[in-house]
Amino acid sequence: MGFSIITWRELDRLLESGKPVEVLDLRAPEYYERERILGSRSLPFEELEDRLEEVPRDRPDVFYCDWGSKSMLVCRNLSRMGYICASLASGFRNYRGKFIDRTPR
């Protein structure tokens, strides 16, 4: 079993489709508070192991971090545990889609 690496365009299409998907932000909370992908949840990389029960198994999970390396590592490990997941290619810093949320938290 493996995982997918998706582009920001593919993520936008997925979000537009209305299909059930969980988008998880692995960045530090202060970055999430400033800006994020609309509808995503903050799950900092450093807390993932302790909060793994919060990651849904009943629908695909899309992870993102700053540059894409942490999300790829997370997806590799979770896919081995049976999760269906994808990593956002090149991370949030290269996201150019229309689902940027800069509403203060």
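Attention here is on the structure that accompanies the text. Keep in mind the model is a prediction, meaning the values are calculated, not measured.

**Description of the sheet that holds strand β1 (residues 4–6)**
Reasoning step 1: One open sheet holds the 5 strands; their spatial order is β1-β6-β5-β2-β4, and the pairing between them is parallel. Either end of the sheet is taken by a strand with one partner, and the two such strands are β1 and β4 (41–42).
Reasoning step 2: With 3 bridges connecting them, β1 and strand β6 (residues 85–88) associate as parallel partners. By the bridge assignment for β6, Ser4 is matched with Ala86.
Reasoning step 3: Helix-sheet contacts for helix α1 (residues 8–17) involve β1, β2 (22–25), β5 (61–64) and β6, and the interaxial angle to β1 is about 95°.
Reasoning step 4: The sheet strands contacting helix α3 (residues 69–80) are β1, β5 and β6, and the helix crosses β6 at an angle near 170°.

**Quick word on α3**
Reasoning step 1: Under the 1.5 Å per step criterion, the end-to-end length of α3 is 17 Å for 12 residues, consistent within 8% with the ideal 16 Å.
Reasoning step 2: Among all positions in α3, only Ser71, Val74, Cys75, Leu78 and Ser79 are buried. The buried residues of α3 occupy an angular sector of 125° when projected down its axis, which confines them to one face. The outward face of α3, more than 90 degrees from its buried face, is lined by the exposed residues Ser69 and Arg80.
Reasoning step 3: Contacts from the buried residues of α3 go to β5 and β6.
Reasoning step 4: In the stretch just after α3, Gly82 is the one whose phi turns positive, near 100°.

Cut-offs applied
Residues numbered from 1 in each chain as written. Predicted model: local features only at pLDDT ≥ 70, side-chain atom pairs only at ≥ 80, totals over all residues. Heavy atoms only, no water. Pairing = 2+ DSSP bridges. Helix = DSSP H or I, 4+ residues; strand = E, 2+ residues; numbered from the N terminus. Contact = heavy atoms within 4.5 Å. Axes fitted to C-alpha atoms, helices over the stretch in contact; angles between N-to-C directions. Expected span 1.5 Å × (residues − 1). Buried < 20%, exposed > 50% of the residue type's maximum accessible area, 1.4 Å probe, protein only. Arc of directions from axis to C-beta.

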